[in-house]
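# Per-entry structural report
In case you want the letters, here they are:
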Amino acid sequence: MRVASIVGEGLTIHHIGTREQRRARVRELLELVGLPADAAARYPHEFSGGQRQRIGIARALAVEPRFIVADWLAFCPQASRSVSRRRARTSCAKAWPRFSRCSRPLVCSPSSLAS
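Residues numbered from 1 in each chain as written. Predicted model: local features only at pLDDT ≥ 70, side-chain atom pairs only at ≥ 80, totals over all residues. Heavy atoms only, no water.

### As for the pattern of salt bridges
- Counted according to the given criterion, the structure contains five salt bridges.
- With a closest N to O distance of 2.5 Å, arginine 59 and glutamate 9 form a salt bridge. Remark: glutamate 9 occurs in helix H1 (residues 3–13) and arginine 59 occurs in helix H3 (residues 49–61); sequence separation between them is 50 residues.
- Here arginine 23 and glutamate 20 are joined by a salt bridge, their closest N and O atoms 2.6 Å apart. One end of the pair is arginine 23 and the other is glutamate 20, both in helix H2 (residues 19–32) and three residues apart, which spans about a single turn.
- Residue class for arginine 23 comes out partly exposed when judged on its relative accessible area of 42%.
- Glutamate 20 sits in the partly exposed class, given a relative accessible area of 48%.
- A cluster of three or more residues bridged by salt bridges with shared partners is formed by Arg25, Glu28 and Glu64. (Salt bridge = Lys/Arg side-chain N within 4 Å of Asp/Glu carboxyl O. Helix = DSSP H or I, 4+ residues; strand = E, 2+ residues; numbered from the N terminus. Buried < 20%, exposed > 50% of the residue type's maximum accessible area, 1.4 Å probe, protein only.)

Written as structure tokens, this is what we have:
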């Protein structure tokens, strides 16, 4: 499966939008998590581990859930040593309120990193 199919799978299953609306939504979600829109045409094995995590986040957001439980690394910009990863996580975290109406609790571990 290509990334577009993976991210848009929930939209298809729940009959959300037309085919074109689903494609546009997938592009929007990929850009939100810091991936280029053309990533939709690629396969998951072509991405790094961090990029695969972002694909998973985009997939989770696709159907606009009311509640998401995320590992602290997924949304904690300070957790990454890489400047580009920190930047991507920060932009995603900043965009969250305008983009999604769901809550976002963080599961932090170990406790020394939660403060």
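### Re unusual backbone geometry
- Despite not being glycine, histidine 15 shows a phi value in the positive range, around 55°.
- Secondary-structure assignment places histidine 15 in the loop between H1 and H2.
- At glutamate 64, a position not held by glycine, the phi torsion is positive, near 50°.
- If you trace the backbone, glutamate 64 turns up in the loop between H3 and strand E1 (70–71).

### Comments concerning the environment of arginine 54
- Note that arginine 54 resides in helix H3.
- The class for arginine 54 is buried, based on a relative accessible area of 17%.
- Sequence separation between arginine 54 and glycine 34 is 20 residues, and the spatial gap between their C-alpha atoms is 7.6 Å.

### Comments concerning the confidence of the model for the protein chain
- For the protein chain, the mean per-residue pLDDT works out to 77, and 60% of the residues sit at or above 70.
- Ranking the helices and strands of the protein chain by mean pLDDT puts H1 first, with 96, and helix H6 (residues 111–114) last, with 48. (pLDDT = per-residue confidence, 0-100.)

### Digging into the packing of aromatic side chains
- Summed over the entire model, instances satisfying the criterion amount to zero aromatic pairs.
- Between arginine 42 and the ring centre of phenylalanine 47, over which it is positioned, the NZ or CZ distance is 4.2 Å. (Phe/Tyr/Trp six-rings, centres within 6.5 Å; stacked < 30°, edge-to-face > 60°. Lys NZ or Arg CZ within 6 Å of the ring centre and 35° of its normal.)

### Remarks on the nonpolar core
- Formed by 19 residues in total, the largest nonpolar core has its most connected members in Val7, Leu30 and Ile55.
- Looking at this core, the elements with two or more residues in it are H1, H2 and H3.
- In this structure, valine 7 is in contact with Val26, Leu29, Leu30, Ile55, Ala58, Arg59 and Ala62, ignoring residues within four places of it in sequence. (Core = buried A, V, L, I, M, F, W, Y, C linked by side-chain atoms within 4.5 Å. Contact = heavy atoms within 4.5 Å.)

### Quick word on the packing of H1 against H3
- Where H1 meets H3, the closest approach of the two axes is 7 Å, and the angle between their N-to-C directions is 30°. Regarding the angle of H1 to H3, the classification is roughly parallel. Residues Val3, Ile6, Val7 and Glu9 of H1 lie in contact with H3, whose contacting residues are Ile55, Ala58 and Arg59.
- Partitioning the contact of H1 with H3 into residue classes produces five nonpolar, no polar and two charged. (Axes fitted to C-alpha atoms, helices over the stretch in contact; angles between N-to-C directions. Parallel < 35°, antiparallel > 145°, perpendicular 65-115°, else oblique. Nonpolar A, V, L, I, M, F, W, Y, C, P; charged D, E, K, R; others polar.)

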